[in-house]
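# Structure assessment
Residue-level listing of the chains:
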Amino acid sequence: MFADAPSSVSFNKLRKRLIRNVRQAIEDFSMVAQEGQAERPRWLVALSGGKDSYGLLALLMDLQWRGMLQVDLIACNLDQGQPNFPKHILPDYLTRHSVPHRIEYRDTYSVVTEKVPEGATYCALCSRLRRGHLYRIAREEGCQALVLGHHRDDILETFFLNFFHGGRLAAMPPKLLNDEGDVMVLRPLAYCAEEDLTRFAEALRFPIIPCDLCGSQDGLQRNAMKAMIGEIERRMPGRKDSMIRALGNTRPSHLLDRTLFDFANLSSAP
């Protein structure tokens, strides 16, 4: 996968930075099972054909090659029946690079377009259907974890979506147990900047497959959050890094959530 990678100093710095960020996230959130487990951990890496999931797979394989990730990986693409989806690109790419993989066809596209009213966004229902199938596949493949390609900017956008539209402080957790309690959801790119992943994808010439379902809809609230955060970063460089650090540095006593802090029993000394 890295055989034809640029040998430039700038690419090597980019690669090292992304590796460092992924390794830090894996360590900070204890993504790899502790030693003493009966079996070597096995992860299902969701591969959509976008730059982020390609980058995720490449970085995890890079960590494997360096001996820094003692897990087995299997890439999985869920073909959701979108019109004009190029079915050959992902299996050809994965086979060429000797990546263990599984391609699963499930026509969720027809379900989404039938159930969602015209003009509404498809993302929520599409995501739920996709996630359900990926959990099933993880079980069938004996995987303890489903690994997703959400990065730092995705997490910040989700935080502001919840902040402005949901009335709650919440983002995408780097590590989450599914409702059934049998599959862990991991996001090792939690500290990685989208800009870095874009440059990484361009340098390695990933065969990107655009999403013609969600990508065809304008005016998504997430796009507005992306634009807002981007403008803040342009005006005040480094704010994205500050915001992601803030999500891991909360002070419950300085917020308004009575379930997180016992304000009722807070009193001054006699």
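The text that follows walks through the structure, step by step, so that each part is easy to find. Bear in mind the structure is a predicted one, so any value in this text is a computation, not a measurement. (Residues numbered from 1 in each chain as written. Predicted model: local features only at pLDDT ≥ 70, side-chain atom pairs only at ≥ 80, totals over all residues. Heavy atoms only, no water.)

## Details of the side chain of Ser-53
Structurally, Ser-53 is set in helix α2 (residues 51–65). Residue classification places Ser-53 among the buried positions, given a relative accessible area of 6%. In contact with Ser-53, not counting residues within four places along its chain, are Ala-46, Leu-47 and Ser-48. (Helix = DSSP H or I, 4+ residues; strand = E, 2+ residues; numbered from the N terminus. Buried < 20%, exposed > 50% of the residue type's maximum accessible area, 1.4 Å probe, protein only. Contact = heavy atoms within 4.5 Å.)

## Re the layout of surface pockets
Its boundaries defined by the atoms lining it, the second largest pocket holds a volume of some 610 Å³. Phe-159, Ala-246, Leu-247, Gly-248 and Thr-250 are the residues nearest the centre of the second largest pocket, which is lined by 23 residues in total. Counting only elements with at least two residues in the lining of the second largest pocket, the list comes to α6 (152–166) and α9 (239–246). For the lining of the second largest pocket, a count of residues per class yields 18 nonpolar, three polar and two charged. (1 Å grid on protein atoms, 1.4 Å probe; cavity = no way out; pocket = protein on both sides within 12 Å on 5 of 7 lines; lining within 4 Å. Points joined across faces, edges and corners; volume = space filled by probe spheres on them. Nonpolar A, V, L, I, M, F, W, Y, C, P; charged D, E, K, R; others polar.)

## Focus on the packing of aromatic side chains
This model, assessed by the stated rule, comprises 13 aromatic pairs. Between the aromatic rings of Phe-2 and Phe-200, the centroid separation amounts to 6.1 Å while the plane-to-plane angle is 50°, which identifies the pairing as tilted. Separated by 198 residues along the polypeptide, Phe-2 in the segment before α1 (9–28) and Phe-200 in helix α7 (residues 194–204) bring together distant segments of the chain. Here Phe-200 falls in the buried class, since its relative accessible area comes to 0%. Ring plane angle 85° and centroid distance 6.4 Å describe the contact between Tyr-93 and Phe-206, whose orientation is recorded as edge-to-face. In this pair, Tyr-93 is assigned in helix α3 (residues 89–96) and Phe-206 in the loop between α7 and α8 (221–235), connecting sequence segments 113 residues apart. Each member of the pair, Tyr-93 as well as Phe-206, is classed as buried. One aromatic cluster is present, formed by Phe-2, Phe-11, Tyr-54, Tyr-93, Phe-200 and Phe-206 through successive ring pairs. Lying across the ring of Phe-2, Arg-15 places its NZ or CZ 3.8 Å from the centre. (Phe/Tyr/Trp six-rings, centres within 6.5 Å; stacked < 30°, edge-to-face > 60°. Lys NZ or Arg CZ within 6 Å of the ring centre and 35° of its normal.)

## With respect to the nonpolar core
Membership of the largest hydrophobic core comes to 41 residues, with the highest contact counts inside it found for Val-22, Trp-43, Leu-59, Leu-60, Phe-200 and Phe-206. For this core, the secondary-structure elements that each account for two or more residues are α1, β1 (42–46), α2, β2 (72–79), α3, β4 (145–147) and α7. Leaving out residues up to four positions away in the same chain, Phe-200 has contacts with Phe-2, Phe-11, Leu-14, Leu-18, Gly-55, Ala-58, Leu-59 and Phe-206. Residues Leu-44, Cys-76, Leu-134 and Ala-138 belong to the second largest nonpolar core, which totals 13 residues. (Core = buried A, V, L, I, M, F, W, Y, C linked by side-chain atoms within 4.5 Å.)

## Comments concerning the pattern of salt bridges
A complete count under the given rule lists 25 salt bridges for this structure. For Lys-87, the salt bridge identified is with Asp-79, shortest N-O distance 2.5 Å. Residue classification places Asp-79 among the buried positions, given a relative accessible area of 5%. Between Glu-140 and Arg-136 there is a salt bridge, with the nearest N and O atoms lying 3.2 Å from each other. Within this pair, Glu-140 and its partner Arg-136 are both found in helix α5 (residues 123–140), separated by four residues, close to a single helical turn. (Salt bridge = Lys/Arg side-chain N within 4 Å of Asp/Glu carboxyl O.)

## A word on the side chain of His-151
Examined against the element boundaries, His-151 turns out to sit in the loop between β4 and α6. Judged by its relative accessible area of 0%, His-151 falls in the buried class. At 3.4 Å, the side chain of His-151 and the side chain of Asp-52 are in polar contact. Ignoring anything within four residues of it in the chain, the contact list for His-151 reads Asp-52, Leu-189, Ala-190, Cys-192, Glu-194 and Leu-197. (Polar contact = N/O pair within 3.5 Å; in protein donor to acceptor, adjacent residues only side chain to side chain.)

## Structural notes on the sheet that holds strand β5 (residues 175–177)
Reading across the sheet, the six strands line up as β3-β2-β1-β4-β6-β5 and stay open at both edges, with mixed pairing between neighbours. The sheet is open, and its two edges are formed by β3 (101–105) and β5, each paired on a single side. With direction set aside, neighbouring strand axes in the sheet form an average angle of 25°. Summarising the sheet, β1 and β4 pair through three bridges and their orientation is parallel. Note on β4: the bridge partner recorded for Leu-44 is Leu-146. On top of the sheet, α3 reaches β2 and β3; it is set at about 170° to β3, its chief contact. (Pairing = 2+ DSSP bridges. Axes fitted to C-alpha atoms, helices over the stretch in contact; angles between N-to-C directions.)

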